[in-house]
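Survey of secondary and tertiary structure
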Amino acid sequence: MPHRHKNLHRLSPARLFKRRRAPPGTAPGTIVVSPDARPPILTVFAYNGERCVEVQPKSVAEIREHLDKYPVTWVNVDGLGDKQVIEDLGKLFRLHPLALEDVVNTHQRPKVDQYEGNLFIVMRMMQRNDVLAEEQVSIFVGKNFVLTFQENLPGDSFGPVRQRLRTGGPLTGKGADYLAYRLIDAILDSFFPLLEQYGELLETLEEAVLARADVDTLLRVHAIRHDLLALRRAIWPARDAINSLLRDPNALIQSETRLFLRDAYDHTIQLMDLLETFRELGSDLRDLHLTSTSNRLSEIMKVLTIISTIFIPLTFIAGVYGMNFDPDASPWNMPELRWDWGYPATLAVMFVIGVSLLFYFRRRGWLGR
């Protein structure tokens, strides 16, 4: 597979809304591709119980010979920048125009739609380098084919499936529905290491919040909670989509494959449990940050109050002896001003008062432990 350079984007509700390219009032089934989408790269895996071939056709017409020759053909389309290629694939596999419209409008939530002769499955694939990025993966399942469309992430989660096909593993002896299950399961499995990353980040942030609750730490907590919300939007409807594959009867899904889909459904339950745990931990970290900030402010106010309390009597003494009374006018006008030890005695009294207050505050536990 050639290396694919794709643009990462930060998830946001505004970004999700802007992904709809068709203007209001456009006829249903109209394909409107993004002007900055990459040209599609086609990859074909065609196999039977004994052999698997991997080719990169130059045109859609070259795919037909593999459909006629092999019982299962997987066509992967990497890039949605060519309207003609998408339309030609729709004609070749007899896909409904509404499904093709959902392929290029990459704001779809995970779902399963049944059409005549094929199933249309939408999943969300996510990766995290510096920021969380996602793409829509559209999967068409027919009697003898699987057609996948990928959007714009660098790489995907299908590497183990490709390797299994290249080595001629048990996958080559199964039908198209089992291949679709393996692709769905690969997408779900990619969420586990992603959630582990967020678990480690939350542990690091918990230590940072306890050590020093600054604004930067709070912003990091908010960023993680935002990413976890985006993950929830991808995993929660995927659980319902897989459940519909299990529940709704369809001739394209064999009973043996439904057993494997039940395992994929269990994976979504585990992912949701982990996700909800991490979301609660993120909320707890936010509350802990606010509490730590409030406690720090209280400690600062306590220290300032203690300092002010100590200086109140000292200020009173200094203020008394700062009054301009003349001891020659009356024997009651501060006679100690004529005492030789008056100044050192006053300083000594002020020192004793200050030390006594510090000792009292410490005994009460207001200063230190």
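For the structure, check the block above.
Source: prediction; values computed, not measured. (Residues numbered from 1 in each chain as written. Predicted model: local features only at pLDDT ≥ 70, side-chain atom pairs only at ≥ 80, totals over all residues. Heavy atoms only, no water.)

In this structure, Pro327 sits in the loop between helix H9 (255-320) and helix H10 (342-363). For Pro327, a relative accessible area of 19% gives the class buried. As a C-alpha pair, Pro327 and Arg338 span 11 residues in sequence and 8.1 Å in three-dimensional space. (Helix = DSSP H or I, 4+ residues; strand = E, 2+ residues; numbered from the N terminus. Buried < 20%, exposed > 50% of the residue type's maximum accessible area, 1.4 Å probe, protein only.)

For the structure on display, the rule yields 8 aromatic pairs. With centroids separated by 6.0 Å and ring planes inclined at 75°, the aromatic side chains of Trp74 and Phe158 adopt a geometry described as edge-to-face. You can see Trp74 sitting in strand E3 (residues 72-78) and its partner Phe158 sitting in the loop between strand E7 (145-150) and helix H5 (159-166), a full 84 residues away along the chain. For the pair shown, Trp74 and Phe158 are each scored as buried. Judged by centre distance (5.1 Å) and plane angle (75°), the ring pair of Tyr178 and Phe260 falls under edge-to-face. In this pair, Tyr178 sits in helix H6 (residues 176-189) while Phe260 sits in helix H9, placing the two residues 82 residues apart along the sequence. The exposure class of Tyr178 is buried, given its relative accessible area of 10%. The exposure class of Phe260 is partly exposed, given its relative accessible area of 28%. When the ring centre of Tyr198 is taken as origin, the NZ or CZ atom of Arg128, which lies over that ring, is 5.3 Å away. Positioned over the ring face of Trp236 is Arg232, at 4.6 Å from the centre of the ring. (Phe/Tyr/Trp six-rings, centres within 6.5 Å; stacked < 30°, edge-to-face > 60°. Lys NZ or Arg CZ within 6 Å of the ring centre and 35° of its normal.)

What the rule picks out here adds up to 11 salt bridges. A salt bridge links Glu276 to Arg279; its shortest N-O distance comes to 3.8 Å. Placement of the pair is Glu276 and Arg279 together in helix H9, with a separation of 3 residues, close to one helical turn. By relative accessible area, Glu276 is classed as partly exposed at 26%. Of the residues examined, Arg279 reaches a relative accessible area of 27% and is grouped as partly exposed. (Salt bridge = Lys/Arg side-chain N within 4 Å of Asp/Glu carboxyl O.)

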